[in-house]
Amino acid sequence: MSYKTSEAVRYRKEFANYVAEEANKQHWNLKPDKLRHFYADAVFYFDRIDKDPSNYWKVMLDAITDTQLIWLDDNTVCERTQRIYYDSVNPRVELEIYPVEYAGIFDNTRQMETFTSKCNECARNKGNCSILTKAKEGRIQKEISGIKCLKYKTLLK
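In every chain, residue numbers begin from 1 and rise along the written sequence. Only residues with pLDDT of at least 70 are given local features in this predicted model, and only at 80 or more are side-chain atom pairs given and counted; all residues enter the totals for whole chains, interfaces and linings. To obtain the side-chain values, all non-hydrogen atoms of the structure were included, while hydrogens and water were left out.

Engineer: Where do I start with the sheet that holds strand β2 (residues 77-86) in this structure?
Structural biologist: Pairing between the strands of a sheet comes from backbone hydrogen bonds, and it takes one of two forms, parallel or antiparallel. At least two DSSP bridges between two strands are needed for those strands to be called paired. The secondary structure listing takes helices from DSSP runs of H or I that are at least 4 residues long and strands from runs of E that are at least 2 residues long, numbered from the N terminus. Within the open sheet, the 3 strands sit side by side as β2-β1-β3. Their pairing is mixed. Every other strand in the sheet has two partners, leaving β2 and β3 (92-99) as the edge strands with one partner each. In this sheet, neighbouring strand axes are inclined to one another by 15° on average, regardless of whether the strands run parallel or antiparallel. Summarising the sheet, strand β1 (residues 38-46) and β3 pair through 8 bridges and their orientation is antiparallel. Bridge pairing in β3 places Ala-42 opposite Leu-95. With respect to the sheet, helix α2 (residues 53-67) is in contact with β1, β2 and β3, its orientation differing from that of β1 by roughly 130°. To define axes, lines are fitted to C-alpha atoms, for helices over the stretch in contact only, and angles between the resulting N-to-C directions are given on a 0 to 180 degree scale. Contact definition: two residues touch when any of their heavy atoms are within 4.5 Å.

Spelled out as structure tokens, the structure:
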């Protein structure tokens, strides 16, 4: 467990309130989903050159998680520092959050839907295929090669 300064605790609470306000103001309409991943791109404007963006990411992501408006857990976030500037007059972080294109092990939702439709035609499926479930969770499996399920069995008609 890491120690959090009183400044970090205060910042986390204030930032969570700010995120909630912005989500409402910007009409954020994606419902939190434990399988959806996000990019969080940041440009840091530090007041001094001795600051480390890594120290800020954890507090910001935890604060966003606290709101439960964007994601349920920050383990679904791909945080990316795009630039670091120094602005002693107006230090700030500009943050852009948006869903990734990939879904689970698939490059995009269309590819996942194609794979899923094939699963629906599989004799093994019966409504709850563990291979499909794990693929949607992003788990790499030996049963899937590329986007082809090696355990696929044709339904007998």
